[in-house]
Amino acid sequence: MFKYFPTNYVWNLSVDLAIEMGARIGEIEAMCAPLQDAAKQPDAAGTKAFRETWARMADKLCGLAEEDEARGRLISAGDKYNRAAIYLLTAERLQAHGAPGRTELYKRFLEVFARGVRLSGEHCERVEIPYGDAHISGLFVRADNVEGRTPILVQVNGLDSTKEMKYRVGLPAWLAKRGVASLVIDQPGTGEALRLHGMHAVHDSERWASRVVDWLETRGDVDAERIGLEGVSLGGYYCPRAVAFEPRFALGVVWGANHDWRDVQKKRLAKEGSFPVPHYWEHVRWVWGAKDMDDFMRIAENVHLDGILDRIKVPFLVTHGEKDSQIPLHWAERTYEQLVNSPGRELKVFTEREGGVQHSSFDNSANAGAYIADWVAEHLGGRTAL
């Protein structure tokens, strides 16, 4: 794990995620060098300083991109907007719920991200899936060089990630090369669903996952018999739960298992395990719509997979980092052990040899992501060679 800030795991996680999304190391250095003292401060003061330096770099890149646009250099402009969006998202993710200007920062991020994708000519389409009184937003990425209906992997967030983070880390691109399309969504409790529509997380993830499958079945470019589901981090709970109760999914994958999130919360109350974001308890209450800690802990009692996984009767891949400091490895082993009716179930533990040993492989996603993409392609009828 790259540790720019020796005493601050949460900030190191954010820096590593930014690098995985495409940050440039020179810009990382320029943003982080002034933050050594701030990294040792309490969350409120520290995250404010973090936001200021990272937003300043985003502003500079946007200014440079505008100059490129004025000269007709749209590819270069798109590249700069893409990096600016990474830095804006990283800064927004660390802010407390209700922090002044957070919503505006998030909306600006969405605008800059969309502009970068458009000018770069990326094959990434924003979609909106009807859900309740609003919609679930997603990024649809078509498979490369495939005619007719294609297999697709739906990809869902964890506790604090967004669809754009998952898109930028690279799994959709790796799948596209293998002949598999992607739909990366902000499910309730994450991204746009939480920030702009007030949709809180629900433990019965099949509630929204089934609506996503309904929508995919209406598309003429998707093979409805070959729809898979992948989840990262807390998605390691959402995904198996949804596959267990929604039989139309053809397979499941977790990138970082999360078998018993209720136990993880109890351990964190006891100061065991690393937090993924600052202001952690405020964040989880916001995500789940809990009015106080007692209410949150009551909700968390439902977030586990015991007694559920024997319902899964499709192939399932469980992956986990050997040195995950947030979710212990034994929870991945528990998930695998309980997949008793899954044909071809597999447990893959990423070790130092291939990298990706930290939580959901944020320390090095390339080899882990390639392994997942190959497995999905093999099981959904994609390709693993050109």
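Below you will find a few notes about this structure. (Residues numbered from 1 in each chain as written. Predicted model: local features only at pLDDT ≥ 70, side-chain atom pairs only at ≥ 80, totals over all residues. Heavy atoms only, no water.)

### Describing the overall build of the protein chain
Note the cut-off: Helix and strand assignments come from DSSP, with helices taken as H or I runs of at least 4 residues and strands as E runs of at least 2, each series counted from the N terminus. The globule rule used here is 2.2 Å times the number of residues to the 0.38 power, and the radius of gyration it is set against is calculated over C-alpha atoms. By definition, residues are in contact when any of their heavy atoms lie within 4.5 Å.
What the protein chain contains, in helices and strands, is 15 helices and eight strands. In terms of overall dimensions, the protein chain is globule-like: its C-alpha atoms have a radius of gyration of 20 Å, near the 21 Å expected for 386 residues. With respect to the principal axes defined by its C-alpha atoms, the protein chain has extents near 55 × 50 × 50 Å. Intrachain contacts of the protein chain at a sequence separation of at least 6 include 73% that bridge at least 24 residues.

### What to know about the packing of aromatic side chains
Between two aromatic rings, the relevant description is the distance of the centres plus the angle of the planes. Inclusion rule: Each pair of aromatic rings taken from Phe, Tyr and Trp, with Trp reduced to its six-membered ring, is defined by centres within 6.5 Å and is described as stacked if the planes are under 30 degrees apart, edge-to-face if over 60, and tilted in the remaining cases. Under the scheme applied here, a residue whose accessible area is under 20% of the maximum for its type counts as buried, over 50% as exposed, and between as partly exposed, the area being computed with a 1.4 Å probe on protein chains only. Note on geometry: a ring has a charge over it if NZ (lysine) or CZ (arginine) is within 6 Å of the ring centre and within 35 degrees of the ring normal.
Applying the stated rule across the entire model yields 20 aromatic pairs. Measuring from ring centre to ring centre gives 4.7 Å for Phe50 and Trp54, while their planes differ by 15 degrees; the resulting arrangement is stacked. Here Phe50 and its partner Trp54 are both found in helix α3 (residues 43–70), four residues apart, which amounts to about one turn of the helix. Comparing Phe50 with Trp54 shows no difference in burial state: the two are buried. Counting every residue linked through ring pairs, the aromatic cluster contains Trp208, Tyr237, Tyr238, Trp261, Phe275, Tyr280, Trp281, Trp288 and Phe296. The ring of Phe140 carries Arg219 above its face, with NZ or CZ at 3.9 Å from the centroid.

### Describing the side chain of Asp204
For clarity, the threshold we go by: A 3.5 Å cut-off defines polar contacts: any pair of N or O atoms within that distance qualifies, except that in protein one atom must be a possible hydrogen donor and the other a possible acceptor, and neighbouring residues in sequence count only when both atoms are side-chain atoms.
When you line up the elements, Asp204 lands in the loop between α8 (191–195) and α9 (206–216). Side chain to side chain, Asp204 and Arg207 meet in a polar contact 2.9 Å long.

### Things to note about the nonpolar core
Within soluble globular proteins, side chains that are nonpolar tend to cluster in buried spots. Quick reminder of the rule: What makes a nonpolar core is a set of buried Ala, Val, Leu, Ile, Met, Phe, Trp, Tyr and Cys residues whose side-chain atoms join them at distances within 4.5 Å.
Membership of the largest hydrophobic core comes to 61 residues, with the highest contact counts inside it found for Leu183, Trp208, Leu216, Trp261, Trp288 and Phe296. In this view, Phe296 contacts Trp261, Gln265, Trp281, Val284, Arg285, Trp288 and Ala290; residues no more than four positions away in its chain are not counted. In terms of nonpolar packing, the next biggest core, distinct from the first, is built from 51 residues, Val15, Tyr81, Phe109 and Leu110 among them.

### A short note on helix α13 (residues 293–300)
Taken together, the buried positions of α13 are occupied by Asp295, Phe296, Met297 and Ala300. Where α13 begins, the capping side chain belongs to Asp292, and its oxygen is found 3.2 Å from the backbone nitrogen of Asp294.

### Describing empty space enclosed by the protein
Here is the rule: Here a cavity is any set of points on a 1 Å grid over the protein atoms alone where a 1.4 Å probe fits but cannot get out, and a pocket is any open set with protein on both sides within 12 Å along at least 5 of 7 lines; a residue lines the site when it has an atom within 4 Å of a point. Grid points are joined across faces, edges and corners, and a volume is the space filled by probe spheres set on the points. Amino acids are sorted into nonpolar (Ala, Val, Leu, Ile, Met, Phe, Trp, Tyr, Cys and Pro), charged (Asp, Glu, Lys and Arg) and polar (every other residue, Gly among them).
Under the defined criterion, the tally for this structure stands at three cavities of 30 Å³ or more. Of the pockets and cavities examined, the largest cavity occupies roughly 410 Å³. Together, 28 residues line the largest cavity, and Leu17, Ser161, Val232, Ser233 and Ser360 are the ones closest to its centre. Going through the elements one at a time, α1 (9–21), α6 (163–169) and α11 (261–269) are the ones with two or more residues in the lining of the largest cavity. For the lining of the largest cavity, a count of residues per class yields 13 nonpolar, 10 polar and five charged. Computed from the structure, the second largest cavity encloses a volume of approximately 40 Å³. Contributing elements (two or more residues each) for the lining of the second largest cavity: α4 (74–93), α5 (102–120) and α6. Tallied by class, the residues present in the lining of the second largest cavity amount to seven nonpolar, one polar and two charged.

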